[in-house]
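Residue strings, one per chain:
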Amino acid sequence: MDRTVTLLLGITLTFASSWLGLVFAPYVQMNNVQPIKGTTDDGVEEMYPRPLEGEAAYGREVYIANGCMYCHSQQIRSEHFGNGADIKRNWGVRRTVQRDYIYEKPILLGTMRTGPDLANVARRWSGQGGKDWNHLHLYAPRMMMPGSLMPSFAFLYEKRRITGEPSADALKLQGEWAPEPGYEIVPTPQAKALVEYLSVLDHNRIMLPEAQE
Amino acid sequence: MADFIVYATVLGSIVFFGGAAILAMAWSFRNGQFENFHKSSRSIFDADEPVGRVTDRFPDAPRSHGTKNSSSEASHRS
Amino acid sequence: MAASTVVNGLTSPNVSNADAGALAEEQCRAAKERAAIDSASRLPALAWLAGATFWLLWASFFGLVTSIKMHIPWFDVRVIMELGIISTLLSVPLMVLIARSKNLSLDAKIGFCTFAFVAAAALWLVLRTWVFDIRWSEHGGAWQTFGRTRMTHLSLIGYGWGTQAGIAGILWLVPRLSRTPLIYPNALIAAAAIWNVGIFAGVIGILAGLGTSVEWLDFPPFVPPFLIVSLAIVAAWGIVTFTRRQESHVYVTLWYCFGAMFWMPWLYTVAVIINIYSPATGVVQSACNWWFAHNVLGLWLTPIGVGAAYYIIPKVIGRPVYSYYLSIIGFWSLALFYSWAGMHHLIGGPIPPWMVSASTVGSMMMFIPVIAVGVNHHMTMLGHMGQLRYSPSLRFVVFGAITYTAVSAQGAIEALREFSEVAHFTNYTVGHAHLGAYGFFTMIMFGVFYYMVPRLTGQEWASSRLIRLHFWLCSVGIVIYFTSLSISGWFEGRQMNNPDYPFIQKMSNELPWLICRSIGGAMMSLGHVAWAILFVLNICGVGSRREGPTFFREKTSAEVEAELNGSTATPAEVALASR
Ligand code: HEM
Ligand code: HEM
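This structure is a prediction, so every number in the text was calculated from the model and none was measured.

Undergrad: In this structure, what is going on with the overall build of chain C? I would like to understand it.
TA: Within chain C, the regular secondary structure consists of 19 helices and zero strands. Across the 579 residues that make up chain C, the buried fraction comes to 63%. Split by element, the accessible area of chain C, about 20,300 Å² in all, is 71% carbon and sulfur.

Undergrad: Whenever I open this one, the coordination of the iron atom of ligand 1 confuses me. Can you help?
TA: Under ideal tetrahedral coordination, the four donors around a metal are separated by 109.5 degrees; under ideal octahedral coordination, the six donors are separated by 90 or 180 degrees. Within the protein, a single donor atom binds the iron atom of ligand 1, namely C:His432 (NE2) at 2.1 Å. Assignment of secondary structure puts C:His432 in helix α15 (residues 427-457).

Undergrad: Is there a simple way to think about the site of ligand 1 in this case?
TA: All names here are of chain C. Around ligand 1, a shell composed of 24 residues is seen, among which Glu-215, Trp-216, Tyr-338, His-424 and His-432 lie nearest. In this structure, Trp-216 approaches ligand 1 through a side-chain N or O atom, which is 2.9 Å from an oxygen atom. Of all the secondary-structure elements, those providing two or more residues to the shell around ligand 1 are α9 (283-317), α13 (392-414) and α15. Classifying every residue of the shell around ligand 1 by side-chain character gives 12 nonpolar, 10 polar and two charged.

Undergrad: Teacher, can you tell me more about the interface of chain C and chain A here?
TA: Put simply, an interface is often sized by how much accessible area is lost when its parts join up. Contacts between the two partners involve 75 residues from chain C and, on the opposite side, 64 residues from chain A. Of the roughly 5,900 Å² buried where chain C meets chain A, counting both sides, 67% is carbon and sulfur surface. On the surface where chain C and chain A come into contact, there are zero salt bridges. Between the two partners, chain C and chain A, sit 18 residue pairs in polar contact (both at pLDDT 80 or more). Here the side of chain C that touches chain A takes nine residues from α9(C), the largest share from any one element. Residues belonging to the side of chain C that touches chain A are distributed by class as follows: 43 nonpolar, 24 polar and eight charged.

Undergrad: Can you help me understand the environment of C:Gly436 in this one?
TA: All names here are of chain C. With respect to the secondary-structure elements, Gly-436 resides in helix α15. Note on Gly-436: relative accessible area 13%, which makes it buried. In sequence terms Gly-436 and Thr-403 are 33 residues apart; their C-alpha atoms lie 7.3 Å from each other. Not counting residues within four places of it along the chain, the set of residues in contact with Gly-436 comprises Val-407 and Phe-441.

Undergrad: When you look at the packing of helix α12 (residues 367-381) of chain C against α13(C) in this model, what are you seeing that I'm missing?
TA: Two packed helices can be described by the angle between their axes and the distance between those axes. All names here are of chain C. Contact geometry of α12 with α13 gives a least axis separation of 10 Å together with a crossing angle of 155°. Taken together, α12 and α13 sit at an angle that is classed as roughly antiparallel. The two elements α12 and α13 cross, and the hand of that crossing is left-handed. Mapping the contact onto sequence places Phe-367, Val-370, Val-373, Gly-374, His-377, His-378 and Met-381 in α12 and Leu-394, Val-398, Ala-401, Ile-402, Tyr-404, Thr-405, Ser-408, Ala-409 and Ala-412 in α13.

Undergrad: How should the site of ligand 2 be read in this particular structure?
TA: Near ligand 2 there are 25 residues, and of these C:Arg150, C:His153, C:Glu215, C:His434 and C:Tyr438 occur at the shortest range. Chains contributing residues near ligand 2 are chains A and C. For ligand 2, an oxygen atom lies 2.4 Å from a polar atom in the side chain of C:Arg150. Contact distances for ligand 2 include 2.7 Å between a nitrogen atom and a side-chain N or O atom of C:His153. Within the residue set of the shell around ligand 2, elements represented by two or more residues are α2 (17-71), α5 (146-178), α15 and α17 (503-539) of chain C. In terms of residue count, the dominant contributor to the shell around ligand 2 is α15(C) (seven residues). Here the shell around ligand 2 is built from residues that sort into 13 nonpolar, nine polar and three charged.

Undergrad: Any chance you could explain the coordination of the iron atom of ligand 2 here in plain terms?
TA: Residues and elements named next belong to chain C. The protein atoms donating to the iron atom of ligand 2 are His-153 (NE2) and His-434 (NE2), with metal-donor distances spanning 2.0 Å. If you look at the iron atom of ligand 2, its six donor atoms make angles of 85 to 179° with each other, and the shape they trace is octahedral. Taken together, the residues span a long stretch of sequence, with His-153 in helix α5 and His-434 in helix α15 at a distance of 281 residues. By relative accessible area, His-153 is classed as buried at 18%.

Undergrad: Hey, could you run me through α12(C) in this one?
TA: One turn of the α-helix equals 3.6 residues, which is why residues spaced by three or four share an orientation. Residue and element names in this part refer to chain C. Look at α12: 21 Å from first C-alpha to last across 15 residues, which is about the 21 Å you get at 1.5 Å a residue. Buried within α12 we find Pro-369, Val-370, Ala-372, Val-373, Gly-374, Asn-376, His-377, Thr-380 and Met-381. Looking at the buried residues of α12, the elements they touch are α8 (252-277), α9, α10 (324-338), α11 (353-365) and α13. Backbone geometry just after α12 places Gly-383 at a positive phi near 85°.

Undergrad: Please clarify how the pattern of salt bridges should be interpreted in this entry.
TA: Oppositely charged side chains can pair when the atoms bearing their charge come close. Applying the stated criterion across every chain, the model contains 29 salt bridges over all chains. Between C:Asp107 and C:Arg465 there is a salt bridge whose closest N-O contact spans 4.0 Å. Remark: C:Arg465 occurs in helix α16 (residues 464-496) and C:Asp107 occurs in helix α4 (residues 106-131); sequence separation between them is 358 residues. Look at C:Asp107 and you get partly exposed, because its relative accessible area is 25%. Residues joined in a network through salt bridges with shared partners are B:Asp46, B:Asp48, B:Glu49, C:Arg34 and C:Lys315.

About the cut-offs
Residues numbered from 1 in each chain as written. Chains lettered and ligands numbered in written order. Predicted model: local features only at pLDDT ≥ 70, side-chain atom pairs only at ≥ 80, totals over all residues. Heavy atoms only, no water. Helix = DSSP H or I, 4+ residues; strand = E, 2+ residues; numbered from the N terminus. Buried < 20%, exposed > 50% of the residue type's maximum accessible area, 1.4 Å probe, protein only. Areas by Shrake-Rupley, 256 points an atom, 1.4 Å probe, with all protein chains shown as cover. Donors = N, O, S within 2.8 Å, 3.2 Å for Na, K, Ca; no water. Near = heavy atom within 4 Å. Polar contact = N/O pair within 3.5 Å; in protein donor to acceptor, adjacent residues only side chain to side chain. Nonpolar A, V, L, I, M, F, W, Y, C, P; charged D, E, K, R; others polar. Contact = heavy atoms within 4.5 Å. Buried area = accessible area lost by both parts, 1.4 Å probe. Salt bridge = Lys/Arg side-chain N within 4 Å of Asp/Glu carboxyl O. Axes fitted to C-alpha atoms, helices over the stretch in contact; angles between N-to-C directions. Parallel < 35°, antiparallel > 145°, perpendicular 65-115°, else oblique. Left-handed = near helix turned anticlockwise from the far one by under 90°. Tetrahedral: all angles 85-135°; square planar, octahedral: opposite > 155°, others 65-115°. Expected span 1.5 Å × (residues − 1).

Right, dumping it as structure tokens:
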């Protein structure tokens, strides 16, 4: 009987230990990671990371609702992993680490790369030009990237009859994607928010000490 | 607050479920579940469906097949 | 008839008459007892199974849609829906005529009905394209975008089909193995109702854009309470049943079922809290998410599947399991190691390396239970492979058991860093996922149901041909599905790891394999339709009510007695009446 109890305790504790090990320990280790001060590429000093606000935060919700995560990951792996291709492909300049994600609820690491990683997509499509590209790409992926397997998110846009001046934010669509004359395609607030999110999506803003390899 | 919830969930479930698991295993040892394997393995059979009796077949198979365990007996489509 | 056939199957040919009488008595008692237990499980188990079958069809539909959208991104679901609705409307009158016909066999009826439907679909396709020139407004709708159909597919697979199928199996297996009739049937039926309301609300929620994008927990936040309440009812029932059991030996299947019923509510509740209601910081969520998602597979679906195989294989071929000792080792080592393995989904990710290492070790240790289970299942079958030709449930279950060994070996290798560098983030994982969740779990559950349902309803399966069709569509379908994605995934990984290889090129290389996947998936979905037809026919009592009892065995004296009394009651009913 005594030996059995010891054995029992042993086995049960090992089992509960996975709990401690895989949920509780990381919790203790990582739950209190804080933002730190650093310098961006442009030489600006700021706290990093910062929680998303306003339109970008709303854009993240659009991203979640439409399951972009199921084709796009948001993590850059080490230069010693998988031939370092994540960085060599210019998806990021350094690997991402725990601190990069502390404000993300829910976190969107992703498990599939049907499309490219988006952890730092703002670096590739920046400024107004980048935003315009993103709008066109979301509306008509195959216009921007022939053969793309990304679905069109045209439902985030609105087709309107042009009354008076064409809107400033109407998409500059060409060929088969252009609406019939007299009409224009404009982004809904959801599309604007989503593109705003993509244009600030940058997990490599600051070189973190712990990400150095 | 969020901290508290997580701690409570984690510790609470370890106590609760861990405790239950300990009880379950203690019981199973005391109860002799780790002995007498021969009998245990036969506990799913009974007089009506004894060892040696085949208990499933396609509905269109000849009835004879439901009784005795032999694979050479019939030869229908599969 | 009675004495001679009744003794048949028991070993000794020279029992005296008195012994034979006692045996017949004992046999009759055993049959009655089992029939009474089965009949007490009937409604709850069938209620969960009906839900499972319903959602299986929808899950397959959304899986197929998701799959097609991957190679035809502009594919519009409304076209299929329109086609389905119109062809149903066109063909139903014909089907009614066919079903009413007196001189057709059931198989012929099913065949003609199918033909009527296909013909109607073809007719409408021609009409809509060339005569009416129907076009849907250009851009699908938000509800049918890839991300949402994928969330719907996985949620329906995990909770609509997998969990409900598992519970249906449990509700039949546990009372049988405990030798005690199921209690509180109404609570369990209510649990099924609550569960299905939750699933329904969840699907609508995801399609409406409320999905959470947390893999395996995609349902909107208002759904988990339904599921938790329902799981709690089932778990409480499990505990009460365990304390009431009449069988002193706890057969290994019971171990697995109780383990599963105990782990799942725990896992789910904790995961929902840490991921949905009060999300922890950053990657702690990922750790918890994959601890959970992995354990849904390993400590919920797997134990049910493996446990059921431990029952069905010996029971069908009438041979005790090869080594009971091994089976106990297998159970406890599964409990021990599987829960540690979850982080292998995050290899290379931004989590502390020690966690990944721990999971890689856990994954490797999984070879112990996998080998224990594999040796046991396969050695039990050894020398009885011929039975596969005669028993539908054995066929499905053995297919699943073999796949279990294969998928686990594959998984352990995927958990190695060097392998994951290539296979992670590609369709290779999706291939493995289907080999496991489909080839192993789903196939075993089909096998269980082919054995279980006739014993619950007292009704024979309507058509052997349809069962065979189901088996071949599903097994060939999953082989195509798995092979094409594994090949594709491997190349994807290699090409993505080569920084000079254009991404867009990698993408177009996938195309032919994705199309193969749709073909395999379509076959599987058709197989599911065959299953649903069989199930509905059985529930409705359509089809050959075979002469004699439908319990796949010779009559027992109880039934003979009943027949002498002029009743045609099934053994279940006889036993009930005599209670
Ligand atoms: C020893 C046994 C097993 C091991 C070590 C194992 C290992 C793995 C690994 C490493 C992955 C992640 C691959 C990646 O993302 O790169 C994975 C994914 C998966 N495995 Fe297994 N596997 C095992 C058995 C099973 C079984 C029995 C099932 C089915 C019930 C299963 C179902 C899945 C599913 C569904 C996924 C995909 C999860 C997702 O991304 O949503 N595995 N497995
Ligand atoms: C009962 C049967 C099925 C089960 C148990 C099942 C299970 C799963 C699982 C676990 C995943 C998640 C994979 C991952 O994240 O790695 C998944 C995804 C998927 N399944 Fe299924 N599935 C079933 C039937 C089907 C069918 C019939 C199709 C039709 C082709 C299908 C198509 C898909 C697709 C396209 C995905 C998304 C993969 C991606 O995001 O790249 N599934 N399924």
